[in-house]
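Read off the chains here:
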Amino acid sequence: MGTTVFERRRPAASVVEHSLAGSEHRVFWLDDLGAEARKRRPALTGEHVAQLVVVGGGYTGLWTAVLAKRRNPDAHVVLIEAKTIGWAASGRNGGFCEASLTHGHENGMSRWPEEMPTLDRLGIENLDAIEASEAELGMDFEFERNGALALAIEPHQVEWLEEEIAEAAARGDDTVRFLDQEQVRAEVDSPTYLAAVWDTRGSAILHPAKLTAELARVAEELGVEIFEQSRVRRIETPGSTGAVTVVTDGGRVIAQRAVLATNVFPSLLKRNRLMTVPVYDYVLMTEPLTAEQQASIGWKHRQGLGDLANQFHYYRPTRDGRILFGGYDAVYHYGRRILERYEDRAETYERLAGHFFTTFPQLEGLRFTHRWGGVIDTSTRFAAFYGTARDNRVAYAAGFTGLGVAAARFAGEVVLDLLERRDNERTQLRMVRDRPLPFPPEPIAAMGINATRWSLDRADHTRGRRNMLLKTLDALGLGFDS
């Protein structure tokens, strides 16, 4: 069994301890919001009547509400959030905005090969629309379309990158560039980097919490009513009325149609309760780098970075000169439990800090100011699924598996198309029409997920070679990823 670069080049324990000593268990992005963006909305009370009710105040729900009002400015749209706008994954993710709607080209090719030219184009068009929305809707969420570097940190991963470049060339894609070791270290200087592929067009970085705050502001300016601290307890669709009623502890909304944008949280539809599992992901944020520290790593083009391991890291710069560093551990808790105490995990933060200084030993002495965790909705196909229920009165999207920042906007378009019974390019996609296989119930789910995670770790120690379990899951179109 081999070792990984993070085992071969561990920093001193004192370096890790020093870096974490002053960190707070808080979400940097939420701390970084201004007072106006922190405004709180009232809870739902009494009875309301609307044309559309959206459940969930993250990216999917907010984009759905905004797009619904842009399609039909006269429509009365109500959005209901259980806590506060953007408090969950939408306000605490890494801030990577990827064009891919399929969790990467390879995953898409394994599932919908005949649709990939269309899906790739739609993904780019969706990312273009997000970029354009800053000007069109008067928003500022610190969008930077600098591309992303896929990093080889082990020799066998260089071969994977060479294959990726060859495949891109075969399909006429000139937006990706291969960087050898000297070239990649000229971009971002780490002794762990052996090569990289730079996707120059399909990735951006942004401020996650500012995106939620800006979407909420725009939604309200368009006339959307937003209610917070209003957990939806049930959804009713009495057969005689053709309406849908969303019920909270304090009130209800009677609407013509509803969109469920609850993602990782238990679905209000029984049919979807085994379709996702919650997986915890963790992040560190550094203090701002000095000019000397910044010069020591380069990174002038401010790309998003991610390595090619199964247990991978993602990292990116912020506008004020910090580095966000996250990933590697993806933790599932028995019974699909989602608890606040799972968000602070000392052993993961220590591991991430160690990996950070393996990556950038020249930054030893740098401190982390924030540490936090959050939960991702993982589906068996790694990408979102869509559908309708209750005689087409209710639409849903979920299962983004960590790549929902951009895909959530596409999902908003899809669920509105489905409710309106539009027959168009999006609704004709097999990716939209097909449902993934569900995860099994407990205890099989926990046993399978933990065995898969162990197998992925072993593959990282054996030049990427996948064992029989992983090969079987690949053949069945099942898996577990963050």
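Residues numbered from 1 in each chain as written. Predicted model: local features only at pLDDT ≥ 70, side-chain atom pairs only at ≥ 80, totals over all residues. Heavy atoms only, no water.

Engineer: Pulling in residues and values, what's your account of the sheet that holds strand E7 (residues 195-199)?
Structural biologist: Strand order in the open sheet formed by nine strands is E1-E17-E13-E16-E15-E14-E5-E7-E6, with mixed pairing between adjacent strands. Either end of the sheet is taken by a strand with one partner, and the two such strands are strand E1 (24-25) and strand E6 (176-179). The pairing of strand E13 (residues 277-286) with strand E16 (residues 323-327) spans three bridges and is antiparallel. Each bridged residue has a counterpart across the sheet, and for valine 283 the counterpart in E16 is glycine 326. (Pairing = 2+ DSSP bridges. Helix = DSSP H or I, 4+ residues; strand = E, 2+ residues; numbered from the N terminus.)

Engineer: How would you sum up helix H2 (residues 13-20)? Please name residues and give values.
Structural biologist: Within H2 the residues assigned to the buried category are Val15, Val16, Ser19 and Leu20. When H2 is viewed along its axis, its buried side chains cluster within an angular range of 120 degrees and face the same direction. Relative to its buried face, H2 has exposed residues pointing more than 90 degrees away, namely Ala13 and Glu17. Along its buried surface, H2 packs onto E13, helix H12 (346-359) and strand E17 (368-378). (Buried < 20%, exposed > 50% of the residue type's maximum accessible area, 1.4 Å probe, protein only. Arc of directions from axis to C-beta. Contact = heavy atoms within 4.5 Å.)

Engineer: Lay out the packing of helix H7 (residues 116-136) against helix H13 (residues 404-419) in plain terms, naming residues and giving numbers.
Structural biologist: Packing of H7 against H13 leaves a shortest axis separation of 9 Å and a crossing angle of 95 degrees. Taken together, H7 and H13 sit at an angle that is classed as roughly perpendicular. Of the residues in H13, those touching H7 at Leu122, Asn126, Ala129 and Ile130 are Val405, Ala406, Ala407, Arg409 and Phe410. Residue classes in the contact of H7 with H13 are distributed as seven nonpolar, one polar and one charged. (Axes fitted to C-alpha atoms, helices over the stretch in contact; angles between N-to-C directions. Parallel < 35°, antiparallel > 145°, perpendicular 65-115°, else oblique. Nonpolar A, V, L, I, M, F, W, Y, C, P; charged D, E, K, R; others polar.)

Engineer: Account for the nonpolar core, naming residues and giving values.
Structural biologist: One broad rule of soluble globular proteins: the nonpolar side chains tend to lie buried together. Ranked by internal contacts, the top residues of the largest apolar core, which has 57 residues, are Cys97 and Tyr386. Residues contacting cysteine 97, with those up to four places away along its chain left out, are Leu127, Ile130, Phe143, Gly202, Ser203, Ala204, Leu206, Val405 and Ala406. Phe6, Leu20, Ala196 and Phe368 belong to the second-largest nonpolar core, a separate cluster that totals 38 residues. (Core = buried A, V, L, I, M, F, W, Y, C linked by side-chain atoms within 4.5 Å.)

Engineer: Account for the side chain of threonine 192, naming residues and giving values.
Structural biologist: As for its position among the elements, threonine 192 is in the loop between helix H9 (181-187) and E7. Polar side-chain contacts of threonine 192 include one of 2.8 Å to the side chain of serine 190. When neighbours within four sequence positions are excluded, threonine 192 is seen to be in contact with Val5, Arg9, Ala152, Ile153, Thr358 and Thr359. (Polar contact = N/O pair within 3.5 Å; in protein donor to acceptor, adjacent residues only side chain to side chain.)

Engineer: Provide a residue-level description of H7, including the pertinent values.
Structural biologist: The first and last C-alpha atoms of H7 sit 29 Å apart over 21 residues, in line with the 30 Å expected at 1.5 Å per residue. Every buried residue of H7 is listed here: Met116, Leu119, Leu122, Gly123, Ile124, Asn126, Leu127, Ile130, Ser133 and Glu134. Summarising the contacts, the buried residues of H7 are in contact with helix H4 (59-71), strand E4 (96-98), helix H6 (105-111), strand E8 (203-205), H13 and helix H14 (430-433). Note on H7: the residue one or two positions beyond its end, glycine 138, has a positive phi of about 65 degrees. (Expected span 1.5 Å × (residues − 1).)

Engineer: Account for the packing of aromatic side chains, naming residues and giving values.
Structural biologist: Applying the stated criterion to the full structure yields 17 aromatic pairs. The interplanar angle of 65 degrees and the centroid separation of 5.5 Å between the aromatic rings of phenylalanine 28 and tryptophan 29 together place this pair among those described as edge-to-face. According to the relative accessible area criterion, phenylalanine 28 is buried, its value standing at 5%. Both rings, one in tryptophan 87 and one in phenylalanine 265, keep their centres 5.9 Å apart while their planes meet at 35 degrees; by these two values the pair is tilted. Linking tryptophan 87 in the loop between strand E3 (77-80) and helix H5 (89-92) with phenylalanine 265 in the loop between strand E12 (251-260) and E13, this pair joins segments that are 178 residues apart in sequence. Its relative accessible area of 25% is what places phenylalanine 265 among the partly exposed residues. Here the aromatic residues Trp299, Tyr315, Phe325, Phe356, Phe357, Phe360 and Phe368 are joined through ring pairs into a cluster of three or more. Residue placement shows lysine 83 over the ring face of tryptophan 87; its charged tip is 4.2 Å from the ring centre. Positioned above the aromatic ring of tryptophan 63, the side-chain terminus of arginine 409 is 5.5 Å from the ring centre. (Phe/Tyr/Trp six-rings, centres within 6.5 Å; stacked < 30°, edge-to-face > 60°. Lys NZ or Arg CZ within 6 Å of the ring centre and 35° of its normal.)

Engineer: Which residues make up the pairing of E13, and what values do they have?
Structural biologist: The buried fraction of E13 amounts to 10 of the 10 residues, a majority that puts the element mostly inside the structure. Residues Val277, Val279, Asp281, Val283 and Met285 line one face of E13 and the alternating positions Pro278, Tyr280, Tyr282, Leu284 and Thr286 line the opposite face, and both faces are buried. In this sheet, E17 lies alongside E13 in antiparallel orientation, the contact comprising 10 bridges. What sits directly across from aspartate 281, in E17, is glycine 374.

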